[in-house]
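The residues making up each chain are set out below.
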Amino acid sequence: MEQAHRLAVALLAALEYRRRTGQGQYIDQSQAESALHFLTPALLDYTVHGRSQERVGNADAHLAPHGVYPAAGQDCWLAIAVRTEAQWQALCEVMRCPDLGHDWRFATLAARLTHRETLDMIVAAWTREHSAQEAEAMLQARGVPASAVHNSQELYGDPQLTHRGHFVELPDPLHGTTTVEGSRFRLSRTPARVERAGPTLGRDNQYVLETILGYSPERIAALTDAGILR
């Protein structure tokens, strides 16, 4: 997505240049360089300390606990990200383990990072006792960042997505109707519209061959009879 944004800016700059001068431009944009800024912390870490970062999964160098924890039910999960000491104390209270907040192993962020594996097991033991939605509500009520991890069915019924009309039902020649995602953003004067589902195989053959490529009806018929077009 970031690369698309950068390409859009480059296109707009070229179009503005053409508007002012009447001349076009050739745009040379590399995918690697466009995304390299995402690695800035890793590049700086290597430049300053000579360290090459490794895979860390859900671990975070500045947040603890931080991860996706099992909830009650089959394949149900809850994401938790504790950023501040106040959030850590609130999490302990919600888990009904107030003494945990003063345990020397977890009293500071540095200590929690050092004993991350033990901490994750304690948090996971609590999340397993609750549904993801129940735990999410309890934690958010106390200001602890938490969110149930939704599957496809849950996303389809999500009240916020429903309110925004994100999922759009459209006619489909093969299945009667199909559901697609709408635009991610809303413009007040020129709202985006999704008017048809993705094309079925060969749906636009006639238009492409006749209108765009200029094939004659006889040539199109010959291609169809030969089994080349479907």
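Residues numbered from 1 in each chain as written. Predicted model: local features only at pLDDT ≥ 70, side-chain atom pairs only at ≥ 80, totals over all residues. Heavy atoms only, no water.

1. Observations regarding the overall build of the protein
Phase 1 of the analysis: Looking only at helices and strands, one finds 11 helices and five strands in the protein.
Phase 2 of the analysis: Taken over the C-alpha trace, the protein has a radius of gyration of 27 Å; the compact-globule value for 230 residues is 17 Å, which it surpasses by more than 25%.
Phase 3 of the analysis: With 230 residues in all, the protein has 20% of them scored as buried.
Phase 4 of the analysis: Within the protein, contacts between residues at least 6 apart in sequence are counted, and of these 42% link residues at least 24 apart.
Phase 5 of the analysis: Summed over all atoms, the accessible surface of the protein reaches about 16800 Å², with 55% contributed by carbon and sulfur.
Phase 6 of the analysis: Looking at the protein, you have 22 positive and 27 negative side-chain charges, and the mean spots of the two groups are 7 Å apart. (Helix = DSSP H or I, 4+ residues; strand = E, 2+ residues; numbered from the N terminus. Rg over C-alpha atoms; globule rule 2.2 N^0.38 Å. Buried < 20%, exposed > 50% of the residue type's maximum accessible area, 1.4 Å probe, protein only. Contact = heavy atoms within 4.5 Å. Areas by Shrake-Rupley, 256 points an atom, 1.4 Å probe, with all protein chains shown as cover. Lys, Arg positive; Asp, Glu negative; His and termini not counted. Charge placed at Lys NZ, Arg CZ, Asp CG, Glu CD.)

2. Thoughts on the pattern of salt bridges
Phase 1 of the analysis: Inspection of every chain in the model, using the stated rule, returns nine salt bridges.
Phase 2 of the analysis: Residue glutamate 16 pairs with arginine 19 through a salt bridge whose shortest N-O separation is 2.7 Å. Of the two residues, glutamate 16 and arginine 19 both sit in helix 1 (residues 2-21), three residues apart, roughly one turn of that helix.
Phase 3 of the analysis: When its relative accessible area of 60% is taken as the criterion, arginine 19 is described as exposed.
Phase 4 of the analysis: Of the charged contacts in the structure, one is a salt bridge between glutamate 16 and arginine 20, with a shortest N-O distance of 3.5 Å. In this pair, glutamate 16 and arginine 20 are both assigned in helix 1, four residues apart and thus about one turn of the helix distant.
Phase 5 of the analysis: For arginine 20, a relative accessible area of 55% translates into the label exposed. (Salt bridge = Lys/Arg side-chain N within 4 Å of Asp/Glu carboxyl O.)

3. A look at the layout of surface pockets
Phase 1 of the analysis: The volume enclosed by the largest pocket comes to roughly 300 Å³.
Phase 2 of the analysis: Surrounding the largest pocket, Asp45, Arg51, Gln53, Glu54, Val56, Ala59, Asp60, Ala61, His62 and Arg116 form its lining. (1 Å grid on protein atoms, 1.4 Å probe; cavity = no way out; pocket = protein on both sides within 12 Å on 5 of 7 lines; lining within 4 Å. Points joined across faces, edges and corners; volume = space filled by probe spheres on them.)

4. Notes on the state of the cysteines
Phase 1 of the analysis: Overall, the coordinates contain zero disulfides when judged by the stated rule.
Phase 2 of the analysis: Not part of a disulfide, cysteine 97 finds its nearest cysteine sulfur in cysteine 92, a span of 7.2 Å. (Disulfide = S-S within 2.5 Å.)

5. A look at the sheet that holds strand 1 (residues 66-70)
Phase 1 of the analysis: Strand order in the open sheet made by the three strands is 1-2-3, with antiparallel pairing throughout. Across the chains shown, the open sheet's two edge strands, defined by having one partner strand only, are strand 1 and strand 3 (146-148). Direction aside, neighbouring strands of the sheet carry axes that sit 20° apart on average.
Phase 2 of the analysis: In this structure, strand 1 lies alongside strand 2 (residues 77-81), joined through five bridges in antiparallel fashion. The residue of strand 2 that forms the bridge with histidine 66 is alanine 81.
Phase 3 of the analysis: The sheet contacts of helix 7 (residues 132-141) involve strand 2 and strand 3, and relative to strand 3 the element is tilted by about 160°. (Pairing = 2+ DSSP bridges. Axes fitted to C-alpha atoms, helices over the stretch in contact; angles between N-to-C directions.)

6. Describing a nonpolar patch on the surface
Phase 1 of the analysis: Taken together, the side chains of Leu36, Phe38, Leu39 and Leu43 define a hydrophobic patch exposed on the protein surface, amounting to about 400 Å² of accessible area.
Phase 2 of the analysis: By relative accessible area, leucine 43 is classed as partly exposed at 43%. (Patch = residues over 30% accessible without salt bridge, like charges linked within 9 Å, V, L, I, M, F, W, Y side chains within 5 Å.)

7. Observations regarding the nonpolar core
Phase 1 of the analysis: In terms of nonpolar packing, the biggest core is built from 20 residues, with Ile80, Trp88, Leu91, Val123, Leu139 and Val144 touching the most fellow members.
Phase 2 of the analysis: Listing elements by their share of this core, those giving two or more residues are strand 2, helix 4 (85-94), helix 6 (116-127) and helix 7.
Phase 3 of the analysis: A total of five residues in this core trace back to one element, the largest contributor, which is helix 4. (Core = buried A, V, L, I, M, F, W, Y, C linked by side-chain atoms within 4.5 Å.)

8. Remarks on the side chain of aspartate 172
Phase 1 of the analysis: Structurally, aspartate 172 can be placed in strand 4 (residues 167-172).
Phase 2 of the analysis: For the buried aspartate 172, no salt bridge exists, and the shortest N-O distance to an oppositely charged side chain is 7.7 Å, to arginine 203.
Phase 3 of the analysis: Once you skip the residues sitting within four places of it in the chain, aspartate 172 turns out to touch Thr177, Thr178 and Ala197.

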